[in-house]
There are 2 protein chains.
Amino acid sequence: MLVQKYADMLKGKSVIRMLSEFAQKRGKEIGYENVFDYSLGNPSVPVPEAFTRTCIELLEKEEPGKLHGYSQSLGNPSVRRKVADSLNKRFGMNYTENHIFMASGAAGALAHAFRLIAAEGDEIITFAPFFPEYTPYVNLTGARLKVVAPQTIDFQINLEAFEGMIGEKTKAVLVNTPNNPTGAVYSRAVLEKLAKILDRKSEELGHRIYLISDEPYREIIFTGVEAPYVSHFYDYTISCYSFSKSLSLPGERIGYVAVNPACPDAETMIQMCGQISRGIGHNCPASLIQLAVAEHLDKTADLSVYETNGMLLYEELIRLGFTCVKPGGTFYLFPKALEEDAKLFCEKALKYDLVMVPGDSFGCPGYFRMAYCIDTKKVERSLEAIREFVKNEY
Amino acid sequence: MLVQKYADMLKGKSVIRMLSEFAQKRGKEIGYENVFDYSLGNPSVPVPEAFTRTCIELLEKEEPGKLHGYSQSLGNPSVRRKVADSLNKRFGMNYTENHIFMASGAAGALAHAFRLIAAEGDEIITFAPFFPEYTPYVNLTGARLKVVAPQTIDFQINLEAFEGMIGEKTKAVLVNTPNNPTGAVYSRAVLEKLAKILDRKSEELGHRIYLISDEPYREIIFTGVEAPYVSHFYDYTISCYSFSKSLSLPGERIGYVAVNPACPDAETMIQMCGQISRGIGHNCPASLIQLAVAEHLDKTADLSVYETNGMLLYEELIRLGFTCVKPGGTFYLFPKALEEDAKLFCEKALKYDLVMVPGDSFGCPGYFRMAYCIDTKKVERSLEAIREFVKNEY
């Protein structure tokens, strides 16, 4: 008499997780430094030392009741104010604390954003390739995730196919730029067109379609790439942010929801997040961590290694004849496999201790993902393995 | 086009919250030290210094990737193992890490427990008086909370009324001992009888009724009181724990789910918690906090002040002629008001700067709650105000 839907979910095992476990196991045989593990998107650079110092100072100096006491259900008001100020300064917005809800990472932020907009029977549209967790995230709200086919030429979005997919049940569209798994950054032109479509279709359908923007990779942008702030383009935007990647804090579960102040119900929506929390038992990120990130909003860990790694790999893959869109940010590459079945391709790569994830999990068969949030020395050593793999197998 | 159920929830304002805000406002007029604020269950004793030292040591010495990296979705395995060991040692159980799921406080633990067992249309039974948040917690799973009338003579539970309420839709019963708001600790005899009823009715109905035990006050037990470990009495028990009160860490959002190993699907249920998390965006408590509490599982903050305060108030109330069950633990008292309408009673008390919560919110009109997690000096000073209040008004 357990609830069957959760029991059923145990049957499907994540391919990424299985590959990561393979890499760990193989590491025990040959030394993990010899496994070219490109499976997991786990930040490899350390948290900034200044963040650690802030935590220690808070622990040493702050009154324990204030430091560890209940924070308000929307998050610590002073932290929310600082988040708003930082976003305003960086992106020319006009948020106040009333537009910010502190959440347990991007997963927590998305859980709230989805529930604001979509219920049983509704639809949320996203674009392939996409982060596989979007499917359970959306399905378990009772809504359904619909997926627009990938535009493999540049991994921007197929606007025409998108427009054709919007219907009565469409309540929101979910974008992720810079993108996991492609590394693509949506251009200004694409975001402008997307917003126009959303305005037009909202009017046509007689209900507002919201834009949910998943932004954990917002700070990982490569040289010369413009990364427009999504909420600028469309008033009805709910931005979901996480400090997991920018400050290398994935385990601390800290992020936020920011609703565009121009959205008519923006402040109500933030208040509603507090009510959603009551239902899902998700009452704020840890107070110590809230207070600490508030002092480091405009800083990041040293993220430069990701560009270094990305370019090393990208250039080698191009030299070897791969088709690959040059990443504009993140720590992912998403090249085309050298045979039609990317699962077979990735399986063969394992013989060379290259652990890469077939694109099937991301809704884009025939491609594969490399998560290059690893040590640059290992990336360099992996190039030889990649050359061997390609020479011997293709 | 926002989801209406959450918007509707904004209309109802928590009475506890309103009273707490009144106390804060009044504090600005006359000095907060002069407001006898018995409204909120917010721990007043500081976190143990040793806990703070552990946090600092982790920050100074642990490798940042290990300290702040993703923990597994069920929680850090070493932390889960230590929680199991501690429970085994203290309560003679035989948990392993596979029976423990780390959650964001009791609210997070309950959110998972409810979803394991109950879905749309199901019923969960609890006993008045009860923590008001149980209602939204359960309602937002799609299930319904049914409430057994209070047994005001001793605030144990009315087993006969309970048995009569169990039906086809009953999937679980939710108990909270030591109890908020009464301070009652359920006796061995009551728990034994409860378990017998659950066994009998489960057999009768042909489906298993689970016992969900909400235990945030487990460590706050007064002298000479026996507080049996609920899971001992019934194999199908899901214990939900929080460190909020025991270590005075409510803002850090840390607790766990422990499923009785004798429950046939215990390990599957813990795995299912990981799947439930994906849906509700609740992916583990903060990793730093997980690692720190793991070093302080068998310790608590200095909780003795709660008994001191409780007895001061209890004895004075009895002297003044109140009807009041002597609390066995927690930091709550739940006396009978001196007039039928406890809301009027509590309103009159405000004139004496006594802030107390009418029992109506807890499903028990005619009574009121005092949360005495405040400074003992203030409790002492409040006795005169209580005497004045009673003398002048009744």
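Residues numbered from 1 in each chain as written. Chains lettered and ligands numbered in written order. Predicted model: local features only at pLDDT ≥ 70, side-chain atom pairs only at ≥ 80, totals over all residues. Heavy atoms only, no water.

Attention now goes to the nonpolar core. By size, the foremost hydrophobic cluster in this structure holds 129 residues, and its most contacted members are Phe162, Leu194 and Ile238 of chain A together with Phe162, Leu194 and Ile238 of chain B. When residues no more than four places from it in sequence are discounted, the contact partners of leucine 194 of chain A are Phe127, Ile157, Leu159, Phe162, Val175 and Leu211 of chain A. By size, the runner-up hydrophobic cluster in this structure holds 64 residues, among which are Ala258 of chain A together with Leu87, Tyr95 and Ile289 of chain B. (Core = buried A, V, L, I, M, F, W, Y, C linked by side-chain atoms within 4.5 Å. Buried < 20%, exposed > 50% of the residue type's maximum accessible area, 1.4 Å probe, protein only. Contact = heavy atoms within 4.5 Å.)

Here the focus is unusual backbone geometry. A negative phi holds for most residues other than glycine; trans holds for most peptide bonds. The omega torsion across threonine 177 of chain B and proline 178 of chain B is -5°, close enough to zero to call that bond cis. Relative to the elements of secondary structure, proline 178 of chain B occurs in the loop between β5 (170–175) and α9 (188–205). Between asparagine 180 of chain B and proline 181 of chain B the backbone carries a cis peptide bond, its omega angle lying at 20°. In this structure, proline 181 of chain B sits in the loop between β5 and α9. For aspartate 353 of chain A, which is not a glycine, the phi torsion comes out positive at approximately 60°. Examined against the element boundaries, aspartate 353 of chain A turns out to sit in the loop between α13 (342–350) and β10 (354–355). For phenylalanine 155 of chain B, which is not glycine, the phi torsion reads 55° and is therefore positive. (Helix = DSSP H or I, 4+ residues; strand = E, 2+ residues; numbered from the N terminus.)

Two quantities define a packed helix pair, namely the angle between the helix axes and the distance between the axes. Residues and elements named next belong to chain A. Between helix α12 (residues 304–319) and helix α14 (residues 376–393), the least distance of the axes is 10 Å, while the angle of their chain directions is 10°. On the basis of the axis angle, α12 is roughly parallel to α14. Packed against α12, whose contacting residues are Val305, Thr308, Asn309, Leu312, Leu313, Glu316 and Leu317, the element α14 presents Thr376, Val379, Glu380, Ser382, Leu383, Ile386 and Arg387 at the interface. Residue composition of the contact of α12 with α14, grouped by class: seven nonpolar, four polar and three charged. (Axes fitted to C-alpha atoms, helices over the stretch in contact; angles between N-to-C directions. Parallel < 35°, antiparallel > 145°, perpendicular 65-115°, else oblique. Nonpolar A, V, L, I, M, F, W, Y, C, P; charged D, E, K, R; others polar.)

Residue and element names in this part refer to chain A. In spatial order, the strands read β9-β12-β11; together these three strands make up an open sheet with antiparallel pairing. Of all strands in the sheet, those with a lone pairing partner are β9 (332–333) and β11 (357–358), marking the two edges. Pairing between β9 and strand β12 (residues 368–371): two bridges, direction antiparallel. The residue bridging leucine 333 from the neighbouring strand is methionine 370, located in β12. (Pairing = 2+ DSSP bridges.)

Inspection of every chain in the model, using the stated rule, returns seven cavities of 30 Å³ or more. Lining the largest cavity are 15 residues, and of these Ser104, Cys284 and Pro285 of chain A together with Ser104 and Arg253 of chain B sit closest to its centre. Residues that form the lining of the largest cavity fall into these classes: six nonpolar, five polar and four charged. Roughly 70 Å³ of internal volume is contained in the second largest cavity. Contributing to the lining of the second largest cavity are 14 residues, with Ala128, Pro129, Phe155, Gln156 and Tyr186 of chain A lying nearest its centre. In terms of residue class, the lining of the second largest cavity is built from nine nonpolar, five polar and no charged. (1 Å grid on protein atoms, 1.4 Å probe; cavity = no way out; pocket = protein on both sides within 12 Å on 5 of 7 lines; lining within 4 Å. Points joined across faces, edges and corners; volume = space filled by probe spheres on them.)

A rotation about an axis combined with a shift along that same axis relates the two copies of the chain. Once turned by 180° and shifted 0.0 Å along the axis, chain A lies on chain B with an RMSD of 0.0 Å. What we have between these two chains is a two-fold relation. Comparing interface residues between copies, 100% of those in chain A also sit at the interface in chain B, which points to an isologous, same-surface contact. (Least-squares fit on C-alpha atoms with pLDDT ≥ 70 in both.)

This next bit is on the sheet that holds strand β3 (residues 123–127) of chain A. Remark on secondary structure: sheet strands pair via backbone hydrogen bonds, oriented parallel or antiparallel. Residues and elements named next belong to chain A. Taken in spatial order, the seven strands of this open sheet run β2-β8-β7-β6-β5-β3-β4, and their pairing is mixed. Since the sheet does not close on itself, it has two edges, and those belong to β2 (100–103) and β4 (144–148), each with one partner. Looking at each pair of strands side by side, their axes are set apart by 20° on average, direction ignored. Here strand β7 (residues 237–242) pairs with strand β8 (residues 255–259) via five bridges, running antiparallel. When the sheet's bridge partners are listed, serine 239 is paired in β8 with alanine 258.

The next point concerns the confidence of the model for chain A. Regions with low pLDDT carry predicted coordinates that are not meant to be interpreted in detail. With 100% of its residues at a pLDDT of at least 70, chain A reaches an overall mean of 96. Among the scores for the predicted complex, ipTM is 0.95 and pTM is 0.96. (pLDDT = per-residue confidence, 0-100.)

This brings us to the interface of chain A and chain B. The interface is formed by 68 residues belonging to chain A together with 68 residues belonging to chain B. At the boundary of chain A with chain B, total buried surface from both sides reaches about 5500 Å², with 64% on carbon and sulfur atoms. Where chain A packs against chain B, one counts two salt bridges. In this structure, arginine 278 of chain A engages glutamate 133 of chain B in a salt bridge whose closest nitrogen and oxygen atoms are separated by 2.7 Å. Linking chain A with chain B are 22 residue pairs in polar contact (both at pLDDT 80 or more), by the criterion used here. Secondary structure elements with two or more residues in the side of chain A that touches chain B: α1 (4–9), α3 (49–61), α4 (64–68), α6 (105–117), α7 (134–139), α10 (266–280) and α11 (287–293) of chain A. Considering every element that reaches the side of chain A that touches chain B, the biggest residue donor is α10 of chain A, with nine residues. Across the side of chain A that touches chain B, the residue classes tally to 38 nonpolar, 20 polar and 10 charged. (Buried area = accessible area lost by both parts, 1.4 Å probe. Salt bridge = Lys/Arg side-chain N within 4 Å of Asp/Glu carboxyl O. Polar contact = N/O pair within 3.5 Å; in protein donor to acceptor, adjacent residues only side chain to side chain.)

Once that is clear, we can look at the side chain of histidine 112 of chain B. Residue and element names in this part refer to chain B. Relative to the helices and strands, histidine 112 resides in helix α6 (residues 105–117). In terms of polar contacts, histidine 112 uses its side chain to reach the side chain of serine 277, at 2.8 Å. Apart from residues no more than four positions distant in its own chain, histidine 112 is found in contact with Phe101, Val257, Cys273, Ile276, Ser277, Ile280 and His282.

What follows concerns the environment of aspartate 37 of chain B. Residue and element names in this part refer to chain B. Structurally, aspartate 37 is set in strand β1 (residues 36–37). Residue classification places aspartate 37 among the buried positions, given a relative accessible area of 6%. Apart from residues no more than four positions distant in its own chain, aspartate 37 is found in contact with Ala23, Gln24, Tyr32, Val355, Ala371 and Ile374. In this structure the side chain of aspartate 37 is engaged in a polar contact, spanning 2.6 Å, whose partner is the side chain of serine 39.

Moving on to the packing of aromatic side chains. Residues and elements named next belong to chain B. Per the stated rule, a full pass over the model turns up 50 aromatic pairs over all chains. With centroids separated by 5.7 Å and ring planes inclined at 75°, the aromatic side chains of tyrosine 210 and tyrosine 236 adopt a geometry described as edge-to-face. Of this pair, tyrosine 210 sits in strand β6 (residues 210–214) while tyrosine 236 sits in the loop between β6 and β7 (237–242); the two residues are 26 residues apart in sequence, bridging distant segments of the chain. By the burial criterion, tyrosine 210 is buried, and tyrosine 236 matches it. Considering the side-chain rings of phenylalanine 322 and phenylalanine 345, the 6.2 Å spacing of their centres and the 75° angle between planes classify their relative orientation as edge-to-face. With a gap of 23 residues between them, phenylalanine 322 in the loop between α12 (304–319) and β9 (332–333) and phenylalanine 345 in helix α13 (residues 342–350) connect regions that are remote in the sequence. (Phe/Tyr/Trp six-rings, centres within 6.5 Å; stacked < 30°, edge-to-face > 60°.)

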